Amino acid sequence: DVKVTQSSRYLVKRTGEKVFLECVQDMDHENMFWYRQDPGLGLRLIYFSYDVKMKEKGDIPEGYSVSREKKERFSLILESASTNQTSMYLCASSLYRTGGNEQFFGPGTRLTVL
Amino acid sequence: GDSVTQMEGPVTLSEEAFLTINCTYTATGYPSLFWYVQYPGEGLQLLLKATKADDKGSNKGFEATYRKETTSFHLEKGSVQVSDSAVYFCALSRTSYDKVIFGPGTSLSVIP
C-alpha cells in the first residue's frame, strides 16, 4: 500500500516564525502536492511538483514556498507565519503515468498560528 | 476553467437509508472523475473512480456512473451505516498529468 506520512499531526507556532511541514511518500511517485483545507472552502492547491527540484504554483501560493530535493520528500515552508495561515495542511502524491491521476493523501497537519 | 459542483451539506440520514450525493462538473474533453472520502481526523482516500463515459465506479457498496450527457457523477449507496459518516469530495482530472480539481465536499452524518 502507498503510504504518505506527514511530520506532525498538530503544530502550534507564533506569528512571524518560519514553519516547515514535511511530507514523505514511500511508493516512488513522481508527483507530490500540498493543499490547505478550510471549512466551506474545500481543498485548495498551494504548490505541486512533478519531479525532483521542480515546483509549480497552485491556486494560492502566496506566503508559501516548497522544496523537493529528493523524490520521496516534499516540504512546505511558511516563510513568516501569519494567523490567516491557520489551517489543515494535506500532502498528496500520485504516480506520474497512471491514467486519471489518482492521488494518495497523508493524514494532515493541523497548524495553528498564534 | 474546470470546476466541480456538489450538493451542499450537511446531510443527515438514518441508518439503512438510501444515499445520493449529487455532483456535476464543467471541463473540456473527457476528464476522469473521482469520489474521495475523508473520515474524521484523517486525510482523503479514494473511494471510487471512472475514466470514461458510461463507466460505473464502485467500492464498499457505493456506486457512481459517469454521465457525459448530463456532466454528472452522482454518488449512491443503497443502505448507509454509521461508519459511513464522513466528508465526501467529488473531483476531476483531465489527463494523468493534470492537477485534480476538487468539489467543496459534502458532510454526511448517519445516525442509528
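Residues numbered from 1 in each chain as written. Chains lettered and ligands numbered in written order. Predicted model: local features only at pLDDT ≥ 70, side-chain atom pairs only at ≥ 80, totals over all residues. Heavy atoms only, no water.

Trainee: Is there a simple way to explain the overall build of chain B in this structure?
Mentor: Within chain B one finds 0 helices and 12 strands. Its helices and strands in sequence order give chain B the pattern β-β-β-β-β-β-β-β-β-β-β-β, from N to C terminus. A compact globule built from 112 residues would reach a C-alpha radius of gyration of about 13 Å, and chain B, at 13 Å, matches this within 12%. Over its C-alpha atoms, taken along the principal directions, chain B stretches across nearly 45 × 25 × 20 Å. Of the contacts made within chain B by residues no fewer than 6 positions apart, 56% connect residues no fewer than 24 positions apart. Treating the 9 positive side-chain charges of chain B as one cloud and the 12 negative ones as another, the clouds have centres 8 Å apart. (Helix = DSSP H or I, 4+ residues; strand = E, 2+ residues; numbered from the N terminus. Rg over C-alpha atoms; globule rule 2.2 N^0.38 Å. Contact = heavy atoms within 4.5 Å. Lys, Arg positive; Asp, Glu negative; His and termini not counted. Charge placed at Lys NZ, Arg CZ, Asp CG, Glu CD.)

Trainee: I tried to follow the environment of S87 of chain A on my own but got confused; where do I start?
Mentor: Residue and element names in this part refer to chain A. Secondary-structure assignment places S87 in strand β9 (residues 87-94). S87 gets classed as buried once you look at its relative accessible area, which sits at 4%. If near-sequence neighbours (up to four positions away) are discounted, S87 is found in contact with R36, Q37, D38, T109, R110 and L111. Within the structure, S87 has its side chain in polar contact with the side chain of R36 (distance 3.4 Å). (Buried < 20%, exposed > 50% of the residue type's maximum accessible area, 1.4 Å probe, protein only. Polar contact = N/O pair within 3.5 Å; in protein donor to acceptor, adjacent residues only side chain to side chain.)

Trainee: It is not clear to me how the side chain of Q103 of chain A should be interpreted in this structure. Could you clarify?
Mentor: Structurally, the position occupied by Q103 of chain A is in the loop between β9 and β10 (104-105). Among the polar contacts made by the side chain of Q103 of chain A, one reaches the side chain of Y35 of chain A at a distance of 2.8 Å. Every residue in contact with Q103 of chain A, bar those within four places of it in the chain, is listed here: F33, Y35, A92, S93 and S94 of chain A together with Y36, V100 and F102 of chain B.

Trainee: Honestly, the state of the cysteines in this entry has me stumped. Any pointers?
Mentor: Among covalent bonds in proteins, the disulfide is the one between the sulfur atoms of two cysteines. Under the counting rule described, the total for this entry stands at 2 disulfides over all chains. With a sulfur-sulfur separation of 1.9 Å, C23 of chain A is cross-linked through a disulfide to C91 of chain A. In this structure, the disulfide formed by C23 of chain A and C91 of chain A twists by about -75° around the S-S bond and is classed as left-handed. Of this pair, C23 of chain A sits in strand β3 (residues 19-25) while C91 of chain A sits in strand β9, and the two are 68 residues apart along the sequence. The disulfide bridge from C23 of chain B ends at C90 of chain B, spanning 1.9 Å between sulfur atoms. Because the torsion about its S-S bond is -70°, the bridge between C23 of chain B and C90 of chain B counts as left-handed. Here C90 of chain B lies in strand β10 (residues 86-93) and C23 of chain B lies in strand β4 (residues 23-26), a separation of 67 residues in the sequence. Its relative accessible area of 1% is what places C23 of chain B among the buried residues. (Disulfide = S-S within 2.5 Å.)

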